[in-house]
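Read off the chains here:
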Amino acid sequence: EASPLDADSGAMKPAEFGERLALEVERCRRMDLPLGLVELALDAAEAERHAAAHGGALLHDVGACLRESLRRYDSVGLTAEGSFVLVLPDVSRRGLAGAAERVRRQVDACSGHAPPEMTFALAHYDVVDASAGEMLTALGRSLQEAKEGDQPPAWS
């Protein structure tokens, strides 16, 4: 329980992730670096069916795949709603879109025969002028819009 990492996914728990994101926001402000965020939600019903059919721990597999596909200084955390959030400092808007596509392909490959249904939301800040909480709120709204509209990755 005291671990900062989620036992199932290996990603940072929401409280610890919020603190890490706040620190990263301050670092990007101080160093005048851009910041990119990707929120990835797995369809809950599909994830359950996938886990039952393939007998594996889907969250563990996806979490491991995410950690392996990112740079060593990027972060992977969870929201209170259970979505994964990737924090990519010093990335361009084009680089963020490319990273999200690479992550999608790698999660598909890591998941076996029937990859889970995923919804993505992306946010890019050339100038980091929002707080960590504001960023997560905007990203969450974009993710919800993408889910409701059955759209490709949504930008906030």
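Residues numbered from 1 in each chain as written. Predicted model: local features only at pLDDT ≥ 70, side-chain atom pairs only at ≥ 80, totals over all residues. Heavy atoms only, no water.

Student: Kindly report on the pairing of strand S2 (residues 75–78), identifying the contributing residues and their values.
Tutor: Burial along S2 is two-sided: Ser75 and Gly77 and Val76 and Leu78, pointing in opposite directions, are all buried. Relative to strand S3 (residues 84–89), S2 is paired through four bridges, and the arrangement is antiparallel. Across the sheet, glycine 77 pairs through a bridge with valine 85, a residue of S3. (Buried < 20%, exposed > 50% of the residue type's maximum accessible area, 1.4 Å probe, protein only. Helix = DSSP H or I, 4+ residues; strand = E, 2+ residues; numbered from the N terminus. Pairing = 2+ DSSP bridges.)

Student: Help me get a handle on the sheet that holds strand S1 (residues 35–42), residues and values and all.
Tutor: Pairing between the strands of a sheet comes from backbone hydrogen bonds, and it takes one of two forms, parallel or antiparallel. Read from one edge to the other, the open sheet built from five strands follows the order S2-S3-S1-S4-S5, with strand pairing classed as mixed. One side of each edge strand has no neighbouring strand; the edge strands of this open sheet are S2 and strand S5 (154–155). By the bridge criterion, two bridges tie strand S4 (residues 118–125) to S5 in an arrangement that is parallel. Residue leucine 122 lies in a different strand from S5, and its bridge partner there is tryptophan 155. The strands touched by helix H4 (residues 93–110) within the sheet are S1, S3, S4 and S5, with S4 carrying the most contacts at an inclination of about 160°. (Contact = heavy atoms within 4.5 Å. Axes fitted to C-alpha atoms, helices over the stretch in contact; angles between N-to-C directions.)

Student: Run through unusual backbone geometry, naming residues and quoting values.
Tutor: Of note, the phi angle at aspartate 32 is positive, near 55°, even though the residue is not glycine. Positive phi outside glycine occurs at aspartate 90, with the angle close to 55°. Among the secondary structure elements, aspartate 90 is positioned in the loop between S3 and H4. Classification of aspartate 90 as partly exposed rests on a relative accessible area of 44%.

Student: Describe the packing of aromatic side chains, with residues and values.
Tutor: The final tally for this structure, using the stated rule, is zero aromatic pairs. Its guanidinium or amino end placed over the ring of tryptophan 155, arginine 93 lies 3.9 Å from that ring's centre, counting from NZ or CZ. (Phe/Tyr/Trp six-rings, centres within 6.5 Å; stacked < 30°, edge-to-face > 60°. Lys NZ or Arg CZ within 6 Å of the ring centre and 35° of its normal.)

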